[in-house]
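Per-entry structural report
Residue-level listing of the chains:
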Amino acid sequence: MRKSCLPESAHYEAILLVGGQGTRLRPLTLFTPKPLLPTAGVPFLAHQLAKARSFGVRRIVFATSYRASMFADAFGDGSSLGLDIVYMTEETPLGTGGAIRNAAEALTCGPDAPVLVLNGDILSGHDIADQIRVHVERGASATLHLTEVDDPSRFGCVPTSPDGRVTAFLEKTPNPVTNRINAGCYVFQRSVIDSIPAGQVVSVERETFPGLIEAGELVLGYSDASYWLDVGTPAAFVRGSADLVLGKLESHALPGPVGEFLLLDGATVSPEAKVGGGTVVGAGVSVEAGASVQGSVLGDGAVVEPGATVVDSIVGTGARIATGAVLRDVVVGDGAVIGPGNELAAGARVWPGVTLRECSVRFSSDV
Ligand code: GTP
């Protein structure tokens, strides 16, 4: 993580969008919102909060909706993180734009101040302070962080002119005109947020940005090539956790040294087991002799029995992977049991508490 290029005295307010249901990450998000899922040993948001603070953010308004009370339980008033955290909850979800407008009621800054807005499911190495600097220097209404991806069709595609002005905002189009996409971190003038209609469902991607562009407002793109990942799918989530453990993205919230794996309190790994690729071995986990675990997340209290193989997978709290079972790119819900000899692959999801009998499944999808 680069250090802020602004003086230490430059402090900002931010809005963090954390009200989504995280449907693509079910069953992990059935009881825990996506931004609170354990990621490299701490709740996902802990990484974002540490980063925001390092770039001068001091006050953060959480825009909550789904399982809202769990956020305050996790982070309280933010003082232990050197932050002032407040919570604004939507009774019914207002969409990204409506949520930003609702959360803005808790901002203390004036209409001309820049306000940072972050999606609560992004890992990014970009320089937030530099994004704010560009926004302020160019006098923009909004400045969007942009990143390049191989397949932009799943994201908001954002073409820009040579001077960085955003010329269109094409949300999830099958024929993207550029690989440059909306990276989910915005700087808004406070007055622009206040112009979003209050108490209504509004999409910042489908309504606010296209509306600003059509009105001739200066909407800038802030492009860079630093680490970036949207952790909205199981494959991306497990990748993000592993990258943090491996140190591909620096995080001050990582509760241990970077390395091939992160061992949390009371976890045991047999000397005859192979564990690596940025695996998180949760508190009280047991990885037994002859097991192989690569690039995965093992939830607290999980057990990987002798000879089992777990690759690029998420194993829920208290789940058990029995002898000889093979998991690749799989989500195993809390407390589930994968009986001996089962082979699961290609995005299979096992729901919490389910038990698979011995050798009952080979390469299935959802169970
Ligand atoms: P999926 O259901 O898997 O698409 O995930 P999601 O619900 O998180 O939706 P998406 O990834 O599109 O949301 C981007 C960010 O906006 C996430 O950080 C969400 O928590 C947040 N978000 C989406 N909709 C709302 C909303 O209605 N209210 C609030 N407060 N946040 C929202």
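Just so it is clear, the model here is predicted, and its values are computed rather than measured. (Residues numbered from 1 in each chain as written. Predicted model: local features only at pLDDT ≥ 70, side-chain atom pairs only at ≥ 80, totals over all residues. Heavy atoms only, no water.)

A few points about the site of the ligand
Put simply, the rule is: If a single non-hydrogen atom of a residue is within 4 Å of a molecule or strand, that residue counts as near it. Under this definition, polar contacts are N or O atom pairs within 3.5 Å; protein pairs additionally need one hydrogen-donor-capable and one acceptor-capable atom, and for neighbouring residues in sequence, both atoms have to be side-chain atoms. All accessible-area figures derive from a Shrake-Rupley calculation using a 1.4 Å probe, and residue coverage is judged against the displayed protein chains alone. Every definition here rests on a 1 Å grid over the protein atoms only: cavities are sets of points where a 1.4 Å probe fits but cannot get out, pockets are open sets enclosed by protein on both sides within 12 Å along at least five of seven lines, and lining residues have some atom within 4 Å of a point. Think of it this way: a molecule belongs to a cavity or pocket when more than half its atoms come within 2 Å of the grid points there. Asp, Glu, Lys and Arg are counted as charged, while Ala, Val, Leu, Ile, Met, Phe, Trp, Tyr, Cys and Pro are counted as nonpolar; the rest, among them Gly, fall into the polar class.
Near the ligand you find 19 residues, and of these Leu17, Thr23, Arg24, Glu90 and Gly95 are the closest. The separation between a nitrogen atom of the ligand and a polar side-chain atom of glutamate 90 is 2.7 Å. In this structure, glycine 120 approaches the ligand through a main-chain N or O atom, which is 2.8 Å from an oxygen atom. Burial of the ligand by the protein amounts to 82% of the accessible area it has alone, namely 620 Å². Comparing atom positions with the cavity grids shows the ligand to sit within the largest pocket. Looking at the shell around the ligand residue by residue, the classes come out as 6 nonpolar, 9 polar and 4 charged.

Considerations on the UniProt feature "domain: Nucleotidyl transferase" (unreviewed entry) in the protein chain
Heads up, the rule is: UniProt positions are given in the numbering used here, feature names are shortened, and annotations may be inferred rather than shown by experiment. In this text, helices come from DSSP runs of H or I with a minimum length of four residues, and strands from runs of E with a minimum of two, each type numbered from the N-terminal end.
Mapped onto this structure's residue numbering, the UniProt feature "domain: Nucleotidyl transferase" (unreviewed entry) falls at residues 14–243. As annotated, residues 14–243 comprises 28% helix and 26% strand, and the C-alpha atoms at either end are separated by 25 Å.

As for helix α4 (residues 128–138)
Our working definition: Residue exposure (1.4 Å probe, protein chains only): buried if accessible area is under 20% of the type maximum, exposed if over 50%, otherwise partly exposed. Between two residues, a contact is recorded if the distance between any of their heavy atoms is within 4.5 Å.
Those residues of α4 not exposed but buried are Ile128, Ala129, Asp130, Gln131, Ile132, Val134 and His135. Where α4 is buried, its residues touch β1 (12–17), α1 (44–54), β6 (114–119), β8 (142–148), β11 (180–189) and β12 (219–223). Within two residues after α4, glycine 139 carries a phi angle of roughly 60°, on the positive side.

As for the nonpolar core
Definition in use: Only buried Ala, Val, Leu, Ile, Met, Phe, Trp, Tyr and Cys residues count toward a nonpolar core, and they belong to the same one when joined by side-chain atoms within 4.5 Å.
Ile15, Ile100, Val117, Phe188, Ile193 and Phe209 are the most contacted members of the largest nonpolar core, which totals 29 residues. For this core, the secondary structure elements donating two or more residues are β1, β4 (57–64), α3 (95–103), β6, β8, β11, α5 (190–194) and α6 (204–214). Examining the composition of this core, we find that 4 residues originate from one element, α6, more than from any other. Excluding residues that lie within four positions of it along the chain, isoleucine 193 makes contacts with Ile15, Ile100, Arg101, Ala104, Val115, Val117 and Phe188. Grouped together as the second largest cluster of nonpolar side chains are 27 residues, Ala308, Val310, Ala319 and Val350 included.

With respect to empty space enclosed by the protein
If a probe as big as a water molecule is rolled over the atoms, it shows which places are left empty. What counts, and what does not: Grid points are joined across faces, edges and corners, and a volume is the space filled by probe spheres set on the points.
One pass over the full model with this rule turns up 1 cavity of 30 Å³ or more. Roughly 180 Å³ of internal volume is contained in the largest cavity. Lining the largest cavity are 18 residues, and of these Gln48, Lys51, Ile122, Leu123 and Ser124 lie nearest its centre. Looking at the lining of the largest cavity, the elements with two or more residues in it are α1, β6, β7 (122–124) and β11. It is α1 that provides the largest number of residues to the lining of the largest cavity, a total of 4 residues.

Thoughts on the layout of surface pockets
Of the volumes computed, that of the largest pocket is approximately 970 Å³. Looking at the largest pocket, it is lined by 36 residues, and the ones nearest its centre are Arg24, Thr96, Asn119, Asp121 and Glu205. Where the lining of the largest pocket is concerned, the elements lending two or more residues are α3, β11, α6 and β13 (228–230). Looking at the lining of the largest pocket, the element that brings in the most residues is β11, giving 4 residues. For the lining of the largest pocket, a count of residues per class yields 12 nonpolar, 14 polar and 10 charged.

Description of the pattern of salt bridges
The cut-off we apply is this: Salt bridges are defined by distance alone: a side-chain nitrogen of Lys or Arg within 4 Å of a carboxyl oxygen of Asp or Glu.
Taken as a whole, this structure holds 12 salt bridges when the rule is applied. A salt bridge links arginine 133 to glutamate 137; the shortest N-O distance between them is 2.9 Å. Of this pair, arginine 133 and glutamate 137 are both found in helix α4, 4 residues apart, which corresponds to roughly one turn of the helix. Overall, the relative accessible area of 28% leaves arginine 133 in the partly exposed class. A relative accessible area of 59% places glutamate 137 in the exposed class. The partner of aspartate 243 in a salt bridge is lysine 248, with the nearest N and O atoms 3.9 Å apart.

Here's the deal with the domain arrangement of the protein chain
What counts, and what does not: What counts as a domain boundary in this text is fixed by an automatic or database domain assignment. A quick way to say it: buried area is the sum, across both parts, of accessible area lost when two parts are put together, with a 1.4 Å probe.
Domain parsing of the protein chain yields domain 1 (12–230) and domain 2 (260–356). If you average the C-alpha positions of domain 1 and of domain 2, the two centres end up 33 Å apart. Counting residues at the interface gives 8 residues for domain 1 and 10 residues for domain 2. For the pair domain 1 and domain 2, the summed buried area comes to about 720 Å², and 77% of that belongs to carbon and sulfur atoms. Applying the counting rule to domain 1 against domain 2 returns 0 salt bridges. At the junction of domain 1 with domain 2, the criterion picks out 2 residue pairs in polar contact (both at pLDDT 80 or more).

Notes on the sheet that holds strand β18 (residues 286–287)
Operational definition: Between any two strands, pairing holds if DSSP finds at least two bridges.
Pairing within the open sheet is parallel, and its 6 strands lie in the order β15-β18-β21-β24-β27-β30. With partners counted over all chains shown, the strands left at the sheet margins are β15 (268–269) and β30 (355–356), one partner each. Here 2 bridges tie strand β21 (residues 303–304) to strand β24 (residues 320–321), and the two strands are oriented parallel to one another. Bridging across to β24, valine 303 finds its partner in arginine 320.

Here we look at the UniProt feature "domain: Mannose-1-phosphate guanyltransferase C-terminal" (unreviewed entry) in the protein chain
Within this numbering scheme, the UniProt entry marks residues 259–334 as carrying the feature "domain: Mannose-1-phosphate guanyltransferase C-terminal" (unreviewed entry). The span residues 259–334 is 0% helical and 42% strand by assignment, and the distance between its end C-alpha atoms comes to 26 Å.

Looking at α1
Of all 11 residues making up α1, 8 are buried, and the element is well covered by its neighbours. Every buried residue of α1 is accounted for by Phe44, Leu45, Ala46, His47, Gln48, Leu49, Lys51 and Ala52. Looking one or two residues past α1, glycine 56 carries a phi angle of roughly 100°, positive in sign.

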